[in-house]
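# Examining the three-dimensional arrangement
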Amino acid sequence: MLNGARAGSALLLVPLLCACSAGASGAQGSAPRAGDTPGRSAVHRLDDSKTLELPLDAYLLTTPDLETLSRGRDAIVQRCLAALGAPPAPAPRGGVNIGTNERRYGLADAELARAHGYHVPDADRPVEDYPPAVIPLVRGEVTAYNGKPVPEGGCAGEARRELHDTDLQQALVPVQQLDTESYVTSQKDPAVREAAAKWSECMKESGHRYPDPIAAINDKEFGGAAPSDHEKDVALADVRCKQKVNLIGVWSDAESAFQRSLITSKAGILAAPLLAKEKTMSIARASIG
């Protein structure tokens with residue numbers, strides 16, 4: 001999962017996971033089943049998921065990690081441009097950044113629900129690239145500039161190589177698969193099912209019928225360019241019902257327990273992704289510094 005999500009459409013559908021629907025069938029070892037999670041502690045209260053952290057986050061790229069990588073990548077690109085004698089260029093502005101697990105279990109912010117329904121604020125804000133004057137150098141559309149050779153793939157290519165970006169993305173695949181498996185399996189946890197059923201009953205009391213929070217946020221009726229008053233009403237009721245039944249606390253506790261078991265049982269395949277992440281993040285931080 002790309003836990004630090006960039007919204008590219010009006011609605012942000014969940015789960016915010018990698019598009020690896022095949023799960024972790026290629027992972028080594030046997031995984032625990034829902035309900036077979038030893039050492040689960042008492043469920044804690046959690047009304048919001050903006051700062052929610054899950055055990056597998058350490059092996060994935062979180063929203064702060066992606067921000068650091070973006071800054072590191074730009075620092076390398078800027079250094080490359082300067083070496084070519086190109087004029088200084090402002091860094092690109094990305095899309096909307098969302099907390100790593102902010103909408104993993106659906107919308108959980110009453111203020112956002114009241115103002116935007118399930119829509120993501122500024123989701124349609126365009127992504128700004130480098131200025132046109134340096135784009136050929138960034139992308140490698142020219143082979144030379146000021147009599148100096150442009151790196152293969154441009155300055156962006158140089159940044160990708162220096163950060164070992166391709167190696168990192170390949171290394172993260174098994175973790176993304178485990179992250180997807182974790183989410184899907186946690187939905188089947190008895191405590192999560194019970195909390196979801198209570199949430200559904202709470203929603204009925206508000207006049208809204210959905211079997212679970214994912215069905216609500218993925219309602220096709222809410223796929224328009226702007227949120228309707230009805231969408232806002234549903235979204236606000238959704239958040240309040242989550243808080244009433246502590247759905248986020250129950251679900252995140254269940255998934256955290258399952259992920260801890262996965263980390264133990266899949267230790268053999270998690271070492272390489274962690275090393276790859278640490279290597280890239282170290283280079284990114286050094287580039288910024």
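Residues numbered from 1 in each chain as written. Predicted model: local features only at pLDDT ≥ 70, side-chain atom pairs only at ≥ 80, totals over all residues. Heavy atoms only, no water.

### With respect to the overall build of the protein chain
- Each helix and strand in the protein chain was counted, giving 10 helices and two strands.
- Along the protein chain, from the amino end to the carboxyl end, the secondary structure elements read α-α-α-β-β-α-α-α-α-α-α-α.
- For the protein chain, with 289 residues in total, the buried portion stands at 49%.
- Looking at the protein chain alone, contacts between residues at least 24 apart form 83% of all its contacts between residues at least 6 apart. (Helix = DSSP H or I, 4+ residues; strand = E, 2+ residues; numbered from the N terminus. Buried < 20%, exposed > 50% of the residue type's maximum accessible area, 1.4 Å probe, protein only. Contact = heavy atoms within 4.5 Å.)

### A few points about the packing of aromatic side chains
- Summed over the entire model, instances satisfying the criterion amount to four aromatic pairs.
- Pairing Tyr105 with Tyr183 gives two aromatic rings, centres 6.5 Å apart and planes at 10°, and the pair type is stacked. In this pair, Tyr105 sits in the loop between α1 (63-84) and α2 (110-116) while Tyr183 sits in helix α5 (residues 165-187), placing the two residues 78 residues apart along the sequence.
- For Tyr105, a relative accessible area of 1% gives the class buried.
- A residue is classified by how much of its surface remains accessible, and Tyr183, at 2% relative accessible area, is buried.
- One aromatic cluster is present, formed by Tyr105, Tyr183 and Trp251 through successive ring pairs. (Phe/Tyr/Trp six-rings, centres within 6.5 Å; stacked < 30°, edge-to-face > 60°.)

### Focus: the state of the cysteines
- In this structure the tally under the stated criterion is two disulfides.
- There is a disulfide in this structure between Cys80 and Cys155, and the S-S distance comes to 2.1 Å. Taking the torsion about the S-S bond as the criterion, the Cys80 to Cys155 disulfide, at about -70°, is left-handed. Placement of the pair is Cys80 in helix α1 and Cys155 in helix α4 (residues 154-162), with a sequence separation of 75 residues. Of the two residues, Cys80 and Cys155, both sit in the buried class.
- Residue pairing for Cys202: its cysteine sulfur links by disulfide to Cys241, the two sulfurs lying 2.1 Å apart. Disulfide Cys202 to Cys241: torsion about the S-S bond roughly -80°, handedness left-handed. Placement of Cys202 in helix α6 (residues 190-205) and of Cys241 in helix α8 (residues 229-245) is noted, with a sequence separation of 39 residues between them.
- Look at Cys202 and you get buried, because its relative accessible area is 10%. (Disulfide = S-S within 2.5 Å.)

### Considering the confidence of the model for the protein chain
- A residue-level look at the protein chain finds 85% of positions with pLDDT of 70 or above and a mean pLDDT of 87.
- Counting interchain partners and residues more than four positions distant, the pLDDT-below-50 stretch residues 1-39 has 114 contacts. (pLDDT = per-residue confidence, 0-100.)

### Digging into unusual backbone geometry
- One non-glycine residue, Asn146, lies in the positive phi region at around 55°.
- Tracing the backbone shows Asn146 in the loop between β1 (144-145) and β2 (148-149).
- Classification of Asn146 by relative accessible area gives exposed; the value is 53%.

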